Amino acid sequence: MRRLLLLVAALLAAAASSLLPPAVEARAAFACAPGGPATSLPFCRQSLPLHARARDLVSRLTRAEKVRLLVNNAAGVPRLGVAGYEWWSEALHGVSDTGPGVKFGGAFPGATAFPQVIGTAAALNASLWELIGRAVSDEARAMYNGGQAGLTFWSPNVNIFRDPRWGRGQETPGEDPTVSSRYAAAYVRGLQQAHNTNRLKLAACCKHFTAYDLDRWGNTDRFHFNAVVSPQDLEDTFNVPFRSCVADGHAAAVMCSYNQVNGVPTCADEAFLKGTIRGEWGLDGYIVSDCDSVDVFFNDQHYTRTVEDAAGAALRAGLDLDCGPFLAVYTEPAVAKGKISDADVDAALINTVTVQMRLGMFDGDPAAGPYGHLGPKDVCTPAHQELALEAARQGVVLLKNDKRKKHGGNVLPLRPAAHRTVAVVGPHAEATVAMVGNYAGKACRYTTPLAGVAAYVKQAVHAAGCADVACAGAQQPVAAAVDAARRADATVIVAGLDQKVEAEGLDRNSLLLPGRQAELISAVAKAAKGPVILVLMSGGPIDIAFAQNDPRIAAILWVGYPGQAGGQAIADVIFGHHNPGGKLPMTWYPQDYLRKAPMTNMAMRANPASGYPGRTYRFYTGPTIHPFGHGLSYTRFTHTLAHAPARLTVRLAGGHASAAATSLVNATTRAGGERAVRVAHARCEGLSVPVHVDVRNVGERDGAHTVMVYHAAPAAGVVVAGAPERQLVAFEKVHVAAGGVARVEVGIDVCEGMSVADRDGVRRIPVGEHSLVIGEITHTVTLGVEELGV
């Protein structure tokens with residue numbers, strides 16, 4: 001989003017955070033306060049259906065009042081007792097003051113800073129994701145009660161991390177649609193805590209719909225980019241997490257993006273907003289623009305001829321709320337000129353007001369509501385800070401762990417008794433704010449990597465080696481870091497990227513470490529007396545082939561941006577207090593990949609004729625630094641298939657099973673006789689492949705392991721052209737004691753997990769032998785289709 005008013009907000013929050021927390025006064029009622037001007041009106045009656053209450057309120061507004069409610073900083077309606085409201089709050093990985101709806105200071109000097117999303121995604125633990133959402137929800141409601149936050153949070157970001165250069169990839173759950181989908185649903189459930197009712201604790205918003213994954217690359221920026229996307233890629237990649245967010249997570253909102261898709265701005269695309277999000281997926285909530293998106297498609301993209309046409313296009317398409325002033329300024333003239341009707345304005349407001357009512361904002365005194373007890377004591381609690389630490393630990397990915405030259409075993413974990421003096425070097429050795437990535441708030445506290453290591457050893461020696469992450473110029477203090485490593489029993493190098501390298505509005509031009517960081521790492525490794533452990537902090541992948549191939553670098557960890565407790569989590573892994581179990585949520589490509597894959601090429605599938613390599617593990621088959629899903633442990637796990645069917649029949653729905661002739665309509669027949677049944681024609685309810693896997697820990701340490709189930713369609717690319725080589729369809733995390741066995745049970749939804757999208761974006765289930773790959777196991781399931789006309 002464009003960072004409106006953020007500098008002022010940051011200065012105010014910084015000043016306020018130095019004050020001692022005063023007593024907190026209860027927030028005034030948003031509307032419907034006892035004795036207020038609207039208490040007796042229908043929209044204040046909690047016994048009425050929410051939509052009826054919303055319609056009643058909207059019917060009482062003048063046109064001038066209505067248009068001021070179409071924007072994020074909605075004006076109040078004093079004559080009805082309705083207060084103004086700021087819709088824009090953020091909670092990507094903790095309550096954030098990125099948007100104007102949140103203000104730190106006073107009784108709320110900070111909030112728990114969980115790891116940036118890409119690192120949390122590496123845990124591959126949906127239960128953890130929901131727990132983080134619940135903790136953030138507590139802290140956000142507490143701040144709302146104290147008058148320092150809203151209740152509508154524009155999180156999570158579930159865009160697919162398509163290109164390794166994307167500066168905002170750090171905000172996402174990675175490159176895989178299945179991981180992103182489960183993350184979206186889990187985090188939204190945690191934030192909203194709807195509990196099968198129509199009431200919300202917070203209102204989550206999944207962003208940025210759709211095919212949004214370029215900020216600024218070369219001469220192209222997100223405000224002018226037209227993403228040319230095939231129906232196939234929309235169906236099986238870009239739209240998948242958003243569908244899950246709405247259909248499974250029941251998110252209260254979706255945000256449309258800046259870019260165009262196939263020539264139409266997403267915030268003016270009626271087929272997307274009314275057709276797909278609200279119609280097909282059943283959104284029960286509101287659709288909001290990314291900030292100034294309506295202004296962007298008028299002034300930057302020149303999509304409409306007049307401002308009134310732009311306002312009309314957005315509201316007709318199904319946009320309900322504008323982050324920015326455009327609709328407040330131009331909707332009345334648009335109505336006057338017949339570009340839009342009052343009914344269209346009313347429809348948008350009913351959607352937004354209904355969400356406010358689901359949040360209890362029209363139920364009178366907030367203190368009397370179910371979350372009215374939450375306050376400063378519920379922010380930065382020991383439990384939440386421990387959860388932030390656990391999330392950081394679970395997100396650590398062990399990329400390399402060489403054998404010791406003497407005595408056998410692996411170099412990690414280090415033993416404090418044998419490594420009494422440890423050098424901690426590199427530009428992130430004393431990282432604090434850098435550990436939380438972007439869209440962060442004010443952390444409760446920080447534990448730096450240096451402090452984390454120092455807690456385990458007799459002496460931790462620090463020498464930065466680089467003045468900053470850029471590490472540019474001849475005057476970098478490399479020699480001091482080399483000297484420290486020469487004298488230490490072990491050396492930990494903490495290197496990587498930061499928000500000056502990858503961020504919103506800033507895509508990368510290189511996958512290499514910035515400046516002289518690689519030179520520092522190699523020089524330290526060459527001089528070090530003891531083992532060298534490289535710790536990488538980043539949101540995106542890095543080409544570290546030089547370090548991976550250097551025998552003097554014994555171990556490598558990737559930690560994402562690990563949040564406020566990152567330093568302790570790093571040390572806990574290095575010294576064996578925590579056995580790492582994280583898996584890379586994105587492919588790590590070599591630098592040469594960039595030459596073949598322009599960021600502006602949205603195609604997921606490879607094109608051998610042009611040399612285009614394809615994207616992500618699902619379609620790219622070239623060399624990697626590390627593949628998607630890579631991650632080592634201090635122990636070893638094996639898999640045994642306990643149960644899975646070898647054959648399953650797909651039954652056809654309704655009249656489609658009535659005659660053999662109809663089968664030709666339902667199934668695509670190829671020259672070789674292969675068929676693929678349209679998902680729309682299959683009876684999908686209950687159609688699942690149960691898979692039971694026994695996971696055995698054959699090592700000497702307890703550890704957590706993620707069972708990852710991949711699917712490969714029969715005759716991939718033949719029955720349905722462009723089918724992925726393989727696709728993750730299920731994953732579950734399990735803790736297994738040393739020498740123990742745990743059974744993991746997953747169900748593979750046939751219509752969702754074993755179907756593939758054809759060139760037209762139509763999902764089909766290929767008939768024949770499907771492969772399920774689980775670690776070292778490959779299991780074949782033959783899908784047949786019921787005999788027709790019987």
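Residues numbered from 1 in each chain as written. Predicted model: local features only at pLDDT ≥ 70, side-chain atom pairs only at ≥ 80, totals over all residues. Heavy atoms only, no water.

Draft legend 1. Up close: the overall build of the chain. Looking only at helices and strands, the chain has 23 helices and 29 strands in total. For 790 residues, the compact-globule estimate of 2.2 N^0.38 gives 28 Å, and the C-alpha radius of gyration of the chain, at 27 Å, lies within 12% of that figure. For the chain, the C-alpha atoms occupy an extent of roughly 80 × 75 × 50 Å along the three principal directions. The long-range share in the chain, meaning contacts at least 24 apart out of those at least 6 apart in sequence, stands at 78%. When the accessible area of the chain is evaluated, it comes to approximately 28000 Å², of which 53% is carbon and sulfur surface. (Helix = DSSP H or I, 4+ residues; strand = E, 2+ residues; numbered from the N terminus. Rg over C-alpha atoms; globule rule 2.2 N^0.38 Å. Contact = heavy atoms within 4.5 Å. Areas by Shrake-Rupley, 256 points an atom, 1.4 Å probe, with all protein chains shown as cover.)

Draft legend 2. Molecular detail of the layout of surface pockets. In this model, the largest pocket occupies a volume close to 680 Å³. If you go around the largest pocket, you meet 34 residues; those closest to its centre are Thr178, Ser181, Val729, Glu752 and Gly753. At the level of secondary structure, the elements contributing two or more residues to the lining of the largest pocket comprise helix H6 (177-192), helix H8 (240-247), strand S23 (703-712), strand S24 (727-736), strand S25 (741-749), helix H23 (750-753) and strand S26 (756-757). Looking at the lining of the largest pocket, its residues break down into 15 nonpolar, 8 polar and 11 charged. (1 Å grid on protein atoms, 1.4 Å probe; cavity = no way out; pocket = protein on both sides within 12 Å on 5 of 7 lines; lining within 4 Å. Points joined across faces, edges and corners; volume = space filled by probe spheres on them. Nonpolar A, V, L, I, M, F, W, Y, C, P; charged D, E, K, R; others polar.)

Draft legend 3. View of empty space enclosed by the protein. On inspection of all chains with the given rule, the structure shows 3 cavities of 30 Å³ or more. Considering only enclosed or pocket space, the largest cavity measures out at about 110 Å³ in volume. For the largest cavity, the lining is made up of 16 residues, of which Leu69, Ala74, Val82, Val353 and Gln356 are closest to its centre. Examining the composition of the lining of the largest cavity, we find that 3 residues originate from one element, helix H13 (residues 342-358), more than from any other.

Draft legend 4. Region of interest: the confidence of the model for the chain. Scored by pLDDT, the chain comes out at a mean of 93, with 93% of its residues at no less than 70. By mean pLDDT, the top-scoring element of the chain is strand S17 (residues 555-558) (99), and the lowest-scoring one is helix H1 (residues 6-16) (32). (pLDDT = per-residue confidence, 0-100.)

Draft legend 5. How the structure looks around the sheet that holds strand S14 (residues 459-463). The 6 strands are arranged S12-S17-S16-S15-S13-S14 in an open sheet whose pairing can be described as mixed. Looking at the sheet topology across the chains shown, the edges are occupied by strand S12 (397-401) and S14. Strand-to-strand twist across the sheet, computed as the mean angle between neighbouring axes with direction ignored, equals 20°. Bridge count between strand S15 (residues 490-496) and strand S16 (residues 532-537): 6 bridges; the pairing is parallel. (Pairing = 2+ DSSP bridges. Axes fitted to C-alpha atoms, helices over the stretch in contact; angles between N-to-C directions.)

Draft legend 6. The arrangement of the pattern of salt bridges in detail. Applying the stated criterion to the full structure yields 43 salt bridges. The residue Arg552 makes a salt bridge to Asp550 at a minimum N-O spacing of 3.1 Å. Taking the relative accessible area as the measure of exposure, Arg552 reaches 41% and is therefore partly exposed. Residue class for Asp550 comes out buried when judged on its relative accessible area of 7%. When the shortest N-O distance is used, the salt bridge between Arg595 and Asp592 registers 3.0 Å. Within this structure, Arg168, Glu171, Asp215, Arg222 and Glu504 form a network of salt bridges that share partners. (Salt bridge = Lys/Arg side-chain N within 4 Å of Asp/Glu carboxyl O. Buried < 20%, exposed > 50% of the residue type's maximum accessible area, 1.4 Å probe, protein only.)

Draft legend 7. Region of the structure containing the sheet that holds S23. An order of S19-S29-S28-S23-S24 is seen for the 5 strands of this open sheet, with the pairing classed as mixed. The outermost strands of the open sheet, each flanked by one partner alone, are strand S19 (647-650) and S24. Put simply, the sheet's adjacent strands are angled 25° from each other on average, direction ignored. In the sheet, S19 pairs with strand S29 (residues 777-785) via 4 bridges, with the strands oriented parallel. If you follow Arg647 over to S29, its bridge partner there is Thr782.

Draft legend 8. Local environment of the nonpolar core. Counting residues in hydrophobic clusters, the biggest one holds 211 residues, and the most contacted among them are Phe43, Trp154, Phe362, Leu536, Trp558, Ile574 and Trp588. With 10 residues, the single largest contributor to this core is helix H5 (residues 126-145). The contacts of Leu536, once residues within four sequence positions are left out, are Ala495, Leu513, Ile542, Ile544, Ile556, Leu557, Trp558, Val559, Gly560 and Trp588. With 29 residues, the next largest nonpolar core counts Phe637, Val650, Val689 and Leu772 among its residues. (Core = buried A, V, L, I, M, F, W, Y, C linked by side-chain atoms within 4.5 Å.)

Draft legend 9. Here's a closer look at helix H12 (residues 326-336). Every buried residue of H12 is listed here: Phe326, Leu327, Ala328, Thr331, Ala334 and Val335. Down the axis of H12, the buried set is contained in an arc of 150°. They therefore lie on one face. If you follow the buried residues of H12, they end up packed against helix H3 (63-67), helix H10 (293-300), helix H11 (307-317) and H13. With its phi angle positive at about 75°, Gly338 sits one or two positions after the end of H12. (Arc of directions from axis to C-beta.)

Draft legend 10. Representation of the packing of H11 against H12 in the model. Contact geometry for H11 and H12: axes closest at 8 Å, N-to-C directions at 100°. Of the possible angle classes, the one that applies to H11 and H12 is roughly perpendicular. Across from Val307, Glu308, Ala310, Ala311 and Leu315 in H11, the residues of H12 making contact are Phe326, Leu327, Tyr330, Thr331, Pro333 and Ala334. (Parallel < 35°, antiparallel > 145°, perpendicular 65-115°, else oblique.)

Draft legend 11. Molecular detail of helix H16 (residues 478-487). For H16, the full list of buried residues reads Val478, Ala481, Val482, Ala484 and Ala485. Along H16, the residues classed as buried sweep out an arc of 160° about the axis, all on the same side. Buried-residue contacts for H16 involve strand S13 (421-425), S14, S15 and helix H17 (517-527).

Draft legend 12. Region of interest: the pairing of S14. In the sheet, S13 pairs with S14 via 5 bridges, with the strands oriented parallel. Bridging from a neighbouring strand, Val424 pairs with His462 of S14. A crossover connection joins S13 to the parallel S14 through helix H15 (residues 449-454); in handedness this β-α-β unit is right-handed. (Right-handed = clockwise from strand over helix to strand, strands pointing away.)

Draft legend 13. Up close: the packing of aromatic side chains. As enumerated under the stated definition, the model contains 25 aromatic pairs in all. Considering the side-chain rings of Phe223 and Tyr258, the 4.7 Å spacing of their centres and the 75° angle between planes classify their relative orientation as edge-to-face. Of this pair, Phe223 sits in the loop between strand S6 (220-221) and strand S7 (226-227) while Tyr258 sits in the loop between strand S8 (253-256) and strand S9 (260-261), and the two are 35 residues apart along the sequence. Here Phe223 and Tyr258 have matching classes, each one buried. Among the aromatic residues, those joined into a ring-pair cluster are Phe30, Phe43, Tyr85, Trp87, Tyr286 and Phe362. Here the guanidinium or amino end of Arg182 rests over the ring plane of Phe731, the centre of that ring lying 4.5 Å away. The aromatic ring of Tyr710 is capped on one face by Arg726, whose charged end is 4.4 Å from the ring centroid. (Phe/Tyr/Trp six-rings, centres within 6.5 Å; stacked < 30°, edge-to-face > 60°. Lys NZ or Arg CZ within 6 Å of the ring centre and 35° of its normal.)

Draft legend 14. Up close: the state of the cysteines. If you walk through the whole model with that rule in mind, you get 7 disulfides. One disulfide in the model links Cys256 with Cys267; its S-S distance is 2.1 Å. Here the S-S torsion is close to 110°, and the disulfide linking Cys256 with Cys267 is therefore right-handed. With Cys256 in strand S8 and Cys267 in the loop between strand S10 (264-265) and helix H9 (270-280), the pair connects residues that are 11 residues apart, well separated along the chain. Look at Cys256 and you get buried, because its relative accessible area is 0%. Covalent S-S linkage joins Cys684 and Cys751, the inter-sulfur distance amounting to 2.1 Å. Around the S-S axis, the bridge from Cys684 to Cys751 shows a dihedral of about -90° and counts as left-handed. Taken as a pair, Cys684 in the loop between strand S21 (675-678) and strand S22 (688-697) and Cys751 in helix H23 lie far apart in primary sequence, 67 residues in all. (Disulfide = S-S within 2.5 Å.)

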